[in-house]
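Letter by letter, the chains look like this.
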Amino acid sequence: METLQTVARPSARGSQTRRSLRRRSSTNKRGVLEVRAYKGRVLVSLAGSKVRLCKTEQDYEAGLAICEVELTAANIRDADRRVFEINTPFKNFCFVAESEQEKLEWIEAIQESIAETLCDYEVADKIWFNEANRSCADCRAAQPEWASVNLGVVICKKCAGQHRSLGPNISKVRSLKLDSSIWSNELVELFLEVGNQKANGFWAANLPPEEELHGGASAEPRATFTRRKYRERKYRRVLEGLHDSERLNKALCAAVVSPDVLRTVELVFSGADVMCATGDPTCTTPYLLAQRAGQRLQMEFLHQNRLLVFPRLDPRSQKTSPSEASPFMDGFLYISPGHGRTPPDRRKGDDMARRWCTLEGGFLTYYESTQSPTPVGRVAVSDVVSLVISNAETMTGAGAVFTVEVYLRSARSLVIGAETQETRRDWIQALTKCLVPPQAEGLVQKDSELIGRLLYKEGHDLYHWRTGWFVLAGSVLHFGSGDEEGDQDALHLKQLQELTVTTHTEGEEKIQVLLMVESGRTIYIHGFNTMDFALWHSAITQAAGTDGKALGDQQLTKNGVPIVVESCIAFVTQYGLCQDGVYQRPGDPNGVAQLLEEFTLDARNVKLRYKERQLGDVTDTLKSFLSQAEDALLTKELYPYWVSALDEEDESLRVKKYSTFIESLPKANRATLDALLQHLYRIQLCRHLNRMPGDKLASVFSSCLFQTQGQTPQEIRVVHDLIDNYVTLFNVNEEQVRQMERENSFITRWNDKKDTTFSPAGDLIFEVYLEKRGPENCCLIKVWPSMRSAELAETALSMRNVPYNADDAWTTFEVIENGELERPLHHSEKILEQVLEWSALDYPSSAFLVLKKFAVAERDAEDKVDPKQLVKGEHLKFNDGCSKLLSGHKFQDKYVALRAHKLLLYRDIKTTKAEKVLHLKAAKCYLGLKKKLKPPSSWGFTVYTEKQQWHFCCDERETQVGWVTDIISMKFGSDLRSDPGDGAVHASSKRGAVVDGRKRPQQNSTSGRQLAEGLSMSPTPPLNILAISGNSSTRRSIPAPPTIARFWWGRLERLFGHSVTTPPLDARQTSAPGMIKQNRAALLILTWRSEKYERLLFGLLD
């Protein structure tokens, strides 16, 4: 293309104006530097294109110099630390500045002076002829001497440096004074035609005033602004109706043949392809179309942007697509020197140095300055495991900075700081884009405090770990595997039921594992190194703790109630329900203050036990907490509404208004009010014992709920209404009311007979252990009066995130005598009734509940007989624990028989009269023997009654378990783990069981279809009640009475009709273990109890 020629001959006045715009050299600088060759300090002055070296200030004033350096043919080099060099064809000068900052200032001044010697103002004069080009397009600085030739904007020197950082594929920066050879007539005309004003009409059309860049801005905000404006195109004008590449390309082909260059600029930088197909066989590109149309300026613009590579815009949002935008960032940051192996001090930044940083190609690299060719350090983003965003400012020598702590897999850390929060946010976004996979980007929250990856496991097994991405934002821990988009979950840390650290052994290495339990889910996490784990443990512990006086800032239960409220309510319900004036008894102020402090520090680990806490202290703690909360439970904002509701004389209308007010309460307030009113309603139900009716309770709690200084009749009346109408206000059904009444009855019974040496962990909340007793295996479970073994097992296993399967044979054991004796609870036994009986033990505190897999339950299901008809006999060693025997405590051989709900002891098998008889109705059978008896073998069982203890010793475990399960089955009339409604017939032939005094022969199995077809052959044939094994080839048959046979034949005829098909499965009747297996069709038919056949089960399996 042609070189620069005269574009137009402006008037003489215009030439004079342009000459006046020519900036005189401002590169005047003076200071003291050390010259290495001279071995001393001299006064160095820079004036124009010359550097003068003088011994003293007087010599400088007198014009006497040691030497003078001409910069016309010189260049400058940045050496190590505070050293820089000026190299000329004749001599080299080495200078040492007092600081790195002073060195940088000298280098900048000398470089500018060298550039001035090479300047040609002819191009600048012509470009500045457009008045809009006389100020920088980005920061509005006067007399800009640089330009982005492809973007079409004129910029100042400082902004030009940021444009270079964008890369030549986005912005090609050229000087108006130094690069005269590239400035063709067409390019100059293009800048005169477009100009900064029109260009910013597109690039800055949506620029908010608060984000505008000013001329005095530092490099950091300048880099941020440039990146957002051009790379991200955040402020550009959106072209209406052109939201896909096809329409943009079509519009570009139409625009290039017209003189409207600005339209072409808008289309290209909105996503049109400058090399798109035009559909014209002769002019295949937009450039060729413009050439045929004779549009020289269009050709020049397309030529300058032929290599344009912009991040693709999302057609829907018209924002840069994260998946396409290259993760590139640069700018000045404050970096802590080196990688310490200890967590950095977040409060001090004295050791942080200002460095030029770049993030490109997955590496964070930092240099001493923009001119430094060699980096000071480099960090691979793939080695980063955690990012910590600090909310507080860190003070450095240059002022406050906002920091991000970077933790590496190698157990090292790095602190980087930015001058503004906006700059830090941009760097965090760029780092997370490199670090977090696209499928997990949704985890990153706006207010994230901690971002990183951890090894985690959901469930009870600690052997299969997987890498996951975790983000801590406030008190919510977001996490996901990052394998699939949408595979994300969250833990509400305030509602954790358990937060403990355990040690796990993997091979020869011991690792620390953080256990979190929330709403029945269990999460295990551990870090890639000890420092990383300590970081997450500390952050999660802090987020899960109490961090304010607002209800939502407390440690919460799974229902969203503060633990302090739930614990106090539980304690008072357990031990104060029957106490006279329970909430009118004053507590010890010191005890109350101490208890409040303990709850504030860690409410989750505060256990209220009867011997350790006074009832008055707990009641006052509850009232004090409600009074000192950040806002009243009923909220001060709604106070006038609560009181004004009393104007309604009709109670039902008042209750409707109260319901509206309750719905408008914050979630934490509403949940807490529900729990508190339920408690007060329960207290009121026992007013005949505690003398605390609703009006007295309202008088006590009105000032707490409203946080008022005194008590007014209106407040008391409102609270009284809330207590009396709790059932209506919170939609409590009749079953829940009956449940509360039953619980009150059991609590009253407990208080009548409890031993003060034992107490559960609160209101009907007991410690239940999984597999074995230990703090890491403990679950706190609320036990209601009707809860049975299977319900307890399912509740405990769900808390540990262990799948509950009936085939797993999970059984609840009652353990006493410090673990020496344990009894599997029958499915019909109520847990609470058994626990209440612990108060009669010599040492109640030694008793506890444990869940274990009882394998015999699966074995028994294969072979069943009716427990009532079971007869069993065997030689065992026996001891009744009586010290008066001549033989002392030795075990004696006895023949033991089990029949007719009795346990009988004979001298030998030939004896017809039993020496001892024990009725099973009042007996309990435990696995194990007391060690003090010194049993001859490890296998045995103990049978307890109110007045007797029989101890039996066996030769093997199978015998031991067989006797215990048979005794329990005979006592309750059904198998240990069968559902009460199933009434399954039990057999135990493998342990010598007999029916009607004789063993039953095994029979061949029969399919359900054959059985049904055989049954339908006759209207009233004989009917046997069948128990068919689910996975064996045996069945047990019991003859049914004729009346029952006729009844069931009628049912079967109506069920099957004339055609026999696979029977349907009744999901409500599939809990009989061993009878129903997965992927089997079954029909279970139950009938009533009768004198001879207490429970009957007819089973068809196919």
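Residues numbered from 1 in each chain as written. Predicted model: local features only at pLDDT ≥ 70, side-chain atom pairs only at ≥ 80, totals over all residues. Heavy atoms only, no water.

Enquirer: Help me understand the overall build of the chain in this model?
Expert: Scanning the chain for helices and strands turns up 30 helices and 41 strands. Taking all 1102 residues of the chain together, 53% fall into the buried category. Summarising the internal contacts of the chain: among those between residues at least 6 apart in sequence, 61% fall at separations of at least 24. Surface accessibility of the chain: about 52100 Å² in total, with carbon and sulfur atoms responsible for 48%. (Helix = DSSP H or I, 4+ residues; strand = E, 2+ residues; numbered from the N terminus. Buried < 20%, exposed > 50% of the residue type's maximum accessible area, 1.4 Å probe, protein only. Contact = heavy atoms within 4.5 Å. Areas by Shrake-Rupley, 256 points an atom, 1.4 Å probe, with all protein chains shown as cover.)

Enquirer: Can you help me understand the sheet that holds strand β10 (residues 173-175) in this one?
Expert: Backbone hydrogen bonds are what pair the strands of a sheet, in a parallel or an antiparallel way. With respect to topology, three strands assemble into an open sheet ordered β9-β8-β10, the strand pairing being antiparallel. Two strands lie at the open edges of the sheet, namely β9 (153-155) and β10, each paired on one side alone. Across the sheet, the mean angle separating the axes of adjacent strands is 30° when strand polarity is ignored. When strand β8 (residues 146-148) meets β9, the two strands line up antiparallel, connected through three bridges. (Pairing = 2+ DSSP bridges. Axes fitted to C-alpha atoms, helices over the stretch in contact; angles between N-to-C directions.)

Enquirer: What is the right way to read the nonpolar core from this model?
Expert: Soluble globular proteins tend to pack their nonpolar side chains together in the buried interior. Tyr 583, Leu 622, Leu 626, Trp 642, Tyr 658, Leu 676 and Phe 701 are the most contacted members of the largest nonpolar core, which totals 66 residues. Considering every element that reaches this core, the biggest residue donor is helix α19 (residues 667-685), with nine residues. When residues no more than four places from it in sequence are discounted, the contact partners of Tyr 583 are Val 572, Thr 619, Leu 622, Lys 623, His 679, Leu 680, Ile 683, Met 692, Leu 697, Val 700 and Phe 701. Judged by nonpolar contacts, the second largest core, of 61 residues, contains Tyr 121, Leu 176, Val 188 and Leu 289. (Core = buried A, V, L, I, M, F, W, Y, C linked by side-chain atoms within 4.5 Å.)

Enquirer: Would you take a moment to explain the environment of Glu 820 for this structure?
Expert: On the secondary structure map, Glu 820 appears in the loop between β27 (810-816) and β28 (821-824). Judged by relative accessible area, Glu 820 falls into the partly exposed class, the value being 28%. Taking the C-alpha atoms as reference points, Glu 820 and Lys 930, 110 residues apart in sequence, are found 6.0 Å from one another. If sequence neighbours within four positions are ignored, Glu 820 has contacts with Leu 927, Gly 928, Leu 929, Lys 930 and Lys 931. At a separation of 3.5 Å, a polar atom in the side chain of Glu 820 contacts the main-chain amide nitrogen of Lys 931. (Polar contact = N/O pair within 3.5 Å; in protein donor to acceptor, adjacent residues only side chain to side chain.)

Enquirer: Explanation requested: the environment of Gly 928 in the structure shown.
Expert: Examined against the element boundaries, Gly 928 turns out to sit in the loop between β34 (924-927) and β35 (939-944). The class of Gly 928 is buried, set by a relative accessible area of 12%. If we skip the residues at most four places from it in the chain, Gly 928 touches Glu 820, Leu 821, Gly 940, Phe 941, Thr 942 and Gln 960.

Enquirer: Looking at this structure, I do not really get the sheet that holds strand β6 (residues 83-87). What am I missing?
Expert: A sheet is described by the order of its strands in space; here seven strands give the open sequence β4-β3-β2-β1-β7-β6-β5, paired in antiparallel fashion. The open sheet has two free edges, formed respectively by β4 (67-70) and β5 (75-78), since each of these has just one partner strand. On average, each strand axis in the sheet is inclined to that of its neighbour by 35°, with strand direction left out of account. Sheet analysis places strand β1 (residues 29-35) next to strand β2 (residues 40-47), joined by seven bridges and oriented antiparallel. From the neighbouring strand, Lys 29 faces β2, where its bridge partner is Leu 46.

Enquirer: Honestly, the packing of helix α14 (residues 563-576) against α19 in this entry has me stumped. Any pointers?
Expert: Helix-helix packing is described using two parameters, namely the angle between the two axes and the distance between the axes. Running from N to C, α14 and α19 cross one another at 10°; their axes reach a closest spacing of 11 Å. By the angle class used here, α14 and α19 are roughly parallel. Across from Val 565, Glu 566, Ile 569, Val 572 and Thr 573 in α14, the residues of α19 making contact are Thr 672, Ala 675, Leu 676, His 679, Arg 682 and Ile 683. (Parallel < 35°, antiparallel > 145°, perpendicular 65-115°, else oblique.)

Enquirer: Is there a simple way to think about the confidence of the model for the chain in this case?
Expert: Detailed reading of the predicted model is not advised wherever pLDDT is low. Per-residue pLDDT for the chain averages 77, and the proportion of residues at 70 or more is 78%. When pLDDT is averaged over each helix and strand of the chain, the minimum, 30, is found for strand β37 (residues 994-995) and the maximum, 95, for β9. The low-confidence segment residues 754-763, where pLDDT is below 50, has 31 contacts with residues more than four positions distant or belonging to other chains. Scored below 50 in pLDDT, residues 979-1041 makes 156 contacts in the model with residues more than four places away or belonging to other chains. (pLDDT = per-residue confidence, 0-100.)

Enquirer: Would you take a moment to explain helix α9 (residues 261-268) for this structure?
Expert: Every α-helical turn comprises 3.6 residues, leaving residues that sit three or four positions apart pointing alike. Here α9 lies mainly inside the structure; six of its eight residues are buried. For α9, the set of buried residues is Val 261, Thr 264, Val 265, Glu 266, Leu 267 and Val 268. Where α9 is buried, its residues contact α6 (185-203), α8 (245-255) and α11 (296-304). One side-chain oxygen of the residue at the start of α9 lies 3.4 Å from the amide nitrogen of Leu 262, identifying that residue as Asp 260.

Enquirer: Help me understand the packing of helix α10 (residues 286-293) against α11 in this model?
Expert: In contact at an axis separation of 8 Å, α10 and α11 are set at 160° when each is read in the N-to-C sense. Regarding the angle of α10 to α11, the classification is roughly antiparallel. The interaxial crossing formed by α10 with α11 has left-handed handedness. The segment α10 lies against α11, with Pro 286, Tyr 287, Ala 290 and Gln 291 engaging Gln 298, Met 299, Leu 302 and His 303. Of the residues belonging to the contact of α10 with α11, the class tally is five nonpolar, three polar and no charged. (Left-handed = near helix turned anticlockwise from the far one by under 90°. Nonpolar A, V, L, I, M, F, W, Y, C, P; charged D, E, K, R; others polar.)

Enquirer: Even after reading the chapter, I still don't get α14, so can you show me in this structure?
Expert: The end-to-end C-alpha separation of α14 is 19 Å, in line with the 20 Å expected for 14 residues at 1.5 Å each. Within α14, 13 of the 14 residues are buried, which leaves the element mostly enclosed by the surrounding structure. (Expected span 1.5 Å × (residues − 1).)

Enquirer: So what exactly am I meant to see when it comes to a negative patch on the surface here?
Expert: Taken together, Glu 649, Asp 650, Glu 651, Asp 695 and Asp 724 make up a surface patch of like negative charges. For Glu 651, the location among the structural elements is in helix α18 (residues 651-663). Judged by relative accessible area, Glu 651 falls into the partly exposed class, the value being 37%. (Patch = residues over 30% accessible without salt bridge, like charges linked within 9 Å, V, L, I, M, F, W, Y side chains within 5 Å. Salt bridge = Lys/Arg side-chain N within 4 Å of Asp/Glu carboxyl O. Lys, Arg positive; Asp, Glu negative; His and termini not counted. Charge placed at Lys NZ, Arg CZ, Asp CG, Glu CD.)

Enquirer: What exactly am I supposed to notice about the pairing of strand β11 (residues 329-335) here?
Expert: Each regular strand carries side chains that alternate between the two faces of the sheet. Counting buried residues along β11, seven of its seven residues qualify, which places the element largely inside the surrounding structure. On β11, burial covers both faces: Met 329, Gly 331, Leu 333 and Ile 335 on one face and Asp 330, Phe 332 and Tyr 334 on the other are all buried. As judged from the two bridges shared by β11 and strand β17 (residues 413-418), these two strands associate in the antiparallel manner. Bridging across to β17, Tyr 334 finds its partner in Gly 417.

Enquirer: Is there a simple way to think about the packing of aromatic side chains in this case?
Expert: Evaluation of the coordinates by the stated rule reveals 30 aromatic pairs. Relative to Phe 95, the ring of Phe 93 lies with its centre 6.5 Å away and its plane at 20°, an arrangement referred to as stacked. Assigned by exposure class, Phe 93 and Phe 95 land together as buried. When the centroid spacing of 6.3 Å and the interplanar angle of 55° are considered together, the rings of Tyr 895 and Tyr 906 count as tilted. (Phe/Tyr/Trp six-rings, centres within 6.5 Å; stacked < 30°, edge-to-face > 60°.)

Enquirer: What is the right way to read the state of the cysteines from this model?
Expert: Among covalent bonds in proteins, the disulfide is the one between the sulfur atoms of two cysteines. Taken as a whole and assessed by the stated rule, the structure comprises zero disulfides. With no disulfide of its own, Cys 953 lies 6.6 Å from the sulfur of Cys 954, the closest cysteine sulfur. (Disulfide = S-S within 2.5 Å.)

Enquirer: Honestly, unusual backbone geometry in this entry has me stumped. Any pointers?
Expert: Note on backbone geometry: most residues besides glycine have negative phi, and most peptide bonds are trans. Positioned with a positive phi, Asn 731 is a non-glycine residue whose angle comes to about 50°. Looking at where Asn 731 falls in the secondary structure, it is placed in the loop between α23 (726-729) and α24 (734-753).

Enquirer: Where do I start with the side chain of Asp 532 in this structure?
Expert: Mapped onto the fold, Asp 532 is located in helix α13 (residues 530-544). Within the buried set, Asp 532 has no salt-bridge partner at all; the shortest N-O distance to an opposite charge, 7.9 Å, is to Arg 453. Leaving out residues up to four positions away in the same chain, Asp 532 has contacts with Val 385, Ser 386, Arg 453, Leu 454 and Gly 527.

Enquirer: How should I be thinking about the environment of Leu 33 in this particular structure?
Expert: With respect to the element layout, Leu 33 can be found in strand β1. Accessibility expressed as a relative area gives 0% for Leu 33, which makes it buried. On a C-alpha basis, the gap between Leu 33 and Cys 94 in space is 9.8 Å, while along the polypeptide they are 61 residues apart. Setting aside residues no more than four positions away along its own chain, Leu 33 makes contact with Gly 40, Arg 41, Val 42, Val 44, Phe 84, Phe 95, Val 96, Ala 97, Glu 102 and Trp 106.

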